[in-house]
Amino acid sequence: MLCKSRMWQWCRAARKVRRVCDCRKVSGEAGGVRIASGEAGGVWRVSGEGGGVRRASGKAGGGAVAERTAYDVVVVGGGHAGTEACAAAARMGARTLLITHKKNTIGEMSCNPSFGGIGKGHLLREIDALDGLCARVCDLSGISYHVLNRRKGPAVWGLRAQIDRGLYKNNLQEALEKVPNLTIIEAAVEDLLLSEFQDGHHREGESLAKCRGVVLGDGHVIESQSVVITTGTFLRGAINIGMDVTPAGRMGDKPAIGLANTLERLKFNLGRLKTGTPPRLAKNTIDYSQCQIQDPDNPPVPFSFLTRSVWIRPEDQLKCHLTYTTLEIEAEIKKTLHLNRHVQEETSGPRYCPSIESKILRFPGRSHPVWLEPEGLDSSLVYPQGLSCTMPAEHQQALLRLIPGLQHCEMVTPGYGVEYDYVDPRELNSQLETQRVCGLFLAGQINGTTGYEEAAAQGLLAGVNAAAKALGGEGLTVDRTESYIGVLVDDLTTLGTSEPYRMFTSRAEFRLLLRPDNADLRLTEKGYKVGCVSEERHEHLTKTSQKLSEGLKLLKGDVRSISSWTRLLGRPQNITPRKKSALQILGLASWEVTLQCLAPLDSRYSVLSEDGVIAERLKIEALYSDLVEAQNEEVEAMRRDQALVIPHNFDYCSPALSLSNEVRGKLSRARPATIAAASRIEGITPAALVVLLRYVKQKQQQYSELL
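Residues numbered from 1 in each chain as written. Predicted model: local features only at pLDDT ≥ 70, side-chain atom pairs only at ≥ 80, totals over all residues. Heavy atoms only, no water.

UniProt, in its Sequence similarities (unreviewed entry) section for the protein, records the words "Belongs to the MnmG family." Taken from UniProt, the Cofactor (unreviewed entry) comment for the protein reads in full: "FAD". (UniProt positions renumbered as here; feature names shortened; annotations may be inferred.)

Put into C-alpha cells, the structure is as follows:
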C-alpha cells in the first residue's frame, strides 16, 4: 500500500499536480531497482544509468505537447489495443491521453486485411457488447463478409470479413475524434514515472511502486493516475528480410527502445517472440482463372449488435480466391535457408499462422492453401494469406511464380519477419494490471498474444480498469465461464505463453453458453454497471432481451402432441409420440422448423418472425436449450471453485503449507487469484490442490470468526 503521507492532491484549476505533504527521505532496493532516493521529490523516473532511478524533470509539457500536463489515464500506442483502451477509459469518464508516434497510423492494419474468424469472431462480438469500437468500424469498412464453420452448430460459427485498410483506418480515426474526454498527441514515450512505497522492502505478492505517468522522448513529463502500455511489436522490435536486420516495430516505424529498457530494469520477466507478414502482390498481374472462387455471404452478417445491415450492398462485395502451393517451392525454400535469419532464430513464432518456410520444414511433401485477399475496393494490392516469408526479396519473387495463378505476378513489397520483446503475462492480474507496478496496465502483443481481435479485447479491458483505478471504481473482471475474453485473460495470467497466443473456440470449456449470438446478454449489463457501456446500447439490450424473453415464453407455453405438430407442420411422425413445446419442435434439427413455419399457427409467431435477428436468435436458443441446462450445472460447479479466492499476498512459503518446493515456486510465480485458477497451472497436482484448498478454507474460517 502507498503511504498515506505520500498521497497527492490534484489541483485541477491549475492543471497540474503538486505535492502537499512533507515526507521524510525513503531509500530502498526493490527488485533491483532503486524506487526512491531523495528529499521531497515525490515522483521518480527509471534511469538509464546504473539501473537506478532519478527525479523526473519538473517541466510541464506545454501547449506544444498536450493541453494538460496531468490526466487520469495515459495510453501508449495507437494500435488495436491502444485505440480500444483509450476509448474505453474515456467512456468511463476518465480524462484520457493517447500517445502515438504518428496520428496517421492510428488503426493501421499492419498485417492481414481482415477481422474475425473462428474464436476471433466471438471476441469481436464481446468487444461490441462492451461498447468497443472495432466491430462497428468493421461494419463500416468491410468489403467481403463470410461466416466460417457453418457446417457446425452456431455456437462455433466464426464471423469474418475482408476489410478495406484505408476505410478502416479513416473510420476508426473519425470515431476516436468524437470520443469525449480523449486527447491524442504525437510523441515517443521513453520512460515511466514512479512513486515509492512506505518502505523499500518488497514483500512477495505486493507491488514495487506506483506508476504516476510517463516521460516523453524530449524529456517532458505527463502525470497520470494510470498508464496503459500497448506497444504491439514495437518493444525492441527488429525487422528481418533475408540476413538484413532493421530496428523497427513495423516497416517504416521506429521501435520502442526506452520503454523496453525501463521494463527490464524494473525486473519484469521479458521474453522474445516473432511473427511475419507475406509479400503484397499487384492485383492486375494475377491469373484468377487458375484459382477457386470464394463468394461472400448474401446477406452479409454484421459484427455489431447495433448494426442492422453493413454499409456495402451484397452484390458489391469483392470475391476472394484460393490457390495452392506446389512441391517445386520446397527446393526454393531449402536452398535459401542459410540466407534466412528469421528462420534460423530460436525465437518462438506463431504456431497457428506459421511462415511458409516453417510449413515446408514441418510438413514436407504437402500442398498448402494460399488465399488471395483484396486489400480494399480501390486498392491495387492483394494479400496472399498463408505465404508469410522472410527470405531475401529476390527469392520471394521466384517462389511466388511457382504457384498456380501467380506465375506472372509482380511483388510490390516483400514479406518480412518481426522480432519483439513481450512481458510474461503471468506478471498481470485478471484486470491486466501489473503485479509489480501498481497502476501500470499492459494490453495486446506486449502480453504475448497475436491478432487484432485479441489485442482489442485486452485493450478494452485494460482501458476500463485503468480508468476505474484512476477514478476509484472497482473495475471489470470477466472469467472464463462468461466470455472468451475471460478465457483469454485467464489463460494468459495463469498459464503464460511461450509462443504467440491466438484464440480458438476449442480453448473454452463452455462453448454452448459462450456463443457469438448471446454476447450482449452475457456482458452488456455488466459493462453498463461498471460505466463503459452507453445508454444507447443499454437501451438496445433492454429491448432485445424483452423480445427474446417474450418469444421464449410463448414457445415454451405452446405445448401440443406430436401428432398435432406433424399434422400442422407436415412432418413425418418419426419421434417418440409424446407432447412437445414449440421451443422443442423449433430445436429439432431433423425437422428444420423455423418461426416462419410456425407463423400460420399463431399471429404472435408472425410478429416474431418479422424480425430476422430475433427469429434467428430464438432458433439458436431452441437448438441448445436442453444442452445449455446441463452446461449451466458445470458452470455453477466452476464458479463455486472461483468463489474460493486466494489472497493476493498469500504466503506460499508458509511452513503450515505441506507443499513441495516445486509447487511452491510455481504458485508463487503465477499467484493464481482462485482455487480454480490454481488448478489450471501446469504441474500442480490434485494432492497439492487439496492442501491449498484446505488451507484457504481454514484461513477464511478464521477470518469469519474475527468478524
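Caption draft 1: Representation of the overall build of the protein within the structure. Looking only at helices and strands, the protein features 21 helices and 29 strands. Counting over 707 residues, the protein shows a buried share of 58%. Intrachain contacts of the protein at a sequence separation of at least 6 include 71% that bridge at least 24 residues. Element-wise, carbon and sulfur atoms account for 50% of the exposed surface of the protein, whose accessible area totals about 30000 Å². (Helix = DSSP H or I, 4+ residues; strand = E, 2+ residues; numbered from the N terminus. Buried < 20%, exposed > 50% of the residue type's maximum accessible area, 1.4 Å probe, protein only. Contact = heavy atoms within 4.5 Å. Areas by Shrake-Rupley, 256 points an atom, 1.4 Å probe, with all protein chains shown as cover.)

Caption draft 2: Quick look at a nonpolar patch on the surface. Together, Leu140, Trp311 and Leu377 make up an exposed nonpolar region whose accessible area comes to about 260 Å². With respect to the helices, strands and loops of the structure, Leu377 is situated in the loop between β22 (369-374) and β23 (381-385). (Patch = residues over 30% accessible without salt bridge, like charges linked within 9 Å, V, L, I, M, F, W, Y side chains within 5 Å. Salt bridge = Lys/Arg side-chain N within 4 Å of Asp/Glu carboxyl O.)

Caption draft 3: Structural detail: the sheet that holds strand β11 (residues 158-163). Spatially, the 3 strands line up as an open sheet ordered β9-β11-β10, and their pairing is antiparallel. Each edge of the open sheet is held by one strand with a lone partner, namely β9 (114-116) and β10 (142-148). Averaged over all pairs of adjacent strands, the angle between strand axes in this sheet comes to 20°, irrespective of strand direction. Where β9 lies against β11, 3 bridges are found, and the strand directions are antiparallel. Within the sheet, the bridge partner assigned to Ser114 lies in β11 and is Gln162. (Pairing = 2+ DSSP bridges. Axes fitted to C-alpha atoms, helices over the stretch in contact; angles between N-to-C directions.)

Caption draft 4: Representation of a negative patch on the surface in the model. On the surface, Asp626, Glu629, Glu633 and Glu634 cluster together into a negatively charged patch. Mapped onto the secondary structure, Asp626 falls in helix α18 (residues 612-642). (Lys, Arg positive; Asp, Glu negative; His and termini not counted. Charge placed at Lys NZ, Arg CZ, Asp CG, Glu CD.)

Caption draft 5: Here's a closer look at the side chain of Asn518. Within the element layout of this structure, Asn518 appears in the loop between α11 (484-495) and α12 (519-530). A polar atom in the side chain of Asn518 sits 2.8 Å from the side chain of Arg522. (Polar contact = N/O pair within 3.5 Å; in protein donor to acceptor, adjacent residues only side chain to side chain.)

Caption draft 6: Local environment of the packing of aromatic side chains. Applying the stated rule across the entire model yields 5 aromatic pairs. Where Phe115 meets Tyr452, the ring centres are 5.2 Å apart and the plane angle is 40°; that geometry is what we call tilted. Linking Phe115 in strand β9 with Tyr452 in helix α10 (residues 452-471), this pair joins segments that are 337 residues apart in sequence. The exposure class of Tyr452 is buried, given its relative accessible area of 8%. Between Phe650 and Tyr695, the ring centres sit 5.6 Å apart and the planes meet at 80°, which makes this aromatic pair edge-to-face. (Phe/Tyr/Trp six-rings, centres within 6.5 Å; stacked < 30°, edge-to-face > 60°.)

Caption draft 7: Local environment of α10. When the terminal C-alpha atoms of α10 are compared, their 28 Å separation across 20 residues agrees well with the 28 Å that a helix rising 1.5 Å per residue should span. With 18 of its 20 residues buried, α10 lies for the most part within the structure. Backbone geometry just downstream of α10 places Gly472 in the positive-phi region, at approximately 85°. (Expected span 1.5 Å × (residues − 1).)

Caption draft 8: Inspection of the pattern of salt bridges at higher detail. Evaluated as defined, the whole model comprises 41 salt bridges. Across the salt bridge formed by Lys169 and Glu108, the nearest N and O atoms sit 3.3 Å from each other. With Lys169 in helix α4 (residues 165-177) and Glu108 in the loop between β8 (96-100) and β9, the pair connects residues that are 61 residues apart, well separated along the chain. Lys169 gets classed as buried once you look at its relative accessible area, which sits at 19%. For the salt bridge of Arg515 with Glu621, the shortest nitrogen-to-oxygen distance reads 3.1 Å. Of this pair, Arg515 sits in the loop between α11 and α12 while Glu621 is found in helix α18, placing the two residues 106 residues apart along the sequence. With a relative accessible area of 2%, Arg515 lands in the buried category. A relative accessible area of 22% places Glu621 in the partly exposed class. Members of the salt-bridge network, linked through shared partners, are Arg236, Glu264, Arg272, Arg341, Glu419 and Asp421.

Caption draft 9: Main features of the confidence of the model for the protein. Averaged over all residues, the pLDDT of the protein is 86; the fraction at 70 or higher stands at 87%. Predicted confidence is poor over residues 1-41, with pLDDT under 50, and the contacts of this stretch with residues over four places away or in other chains come to 96 contacts. Taken together, the stretch residues 48-68 has pLDDT below 50 and engages in 48 contacts with residues farther than four places along the chain or on a different chain. (pLDDT = per-residue confidence, 0-100.)

Caption draft 10: Up close: unusual backbone geometry. Each neighbour pair has its own omega, and for Asn298 with Pro299 the value is 5°, a cis peptide bond. Residue position: Pro299 is located in the loop between β20 (292-294) and β21 (320-324). A positive phi angle is found at Asn149, which is not glycine, with a value near 70°. Locating Asn149 in the fold gives a position in the loop between β10 and β11. Despite not being glycine, Leu432 shows a phi value in the positive range, around 70°. By the element assignment, Leu432 lies in the loop between β25 (416-423) and β26 (437-438). Accessibility expressed as a relative area gives 1% for Leu432, which makes it buried.

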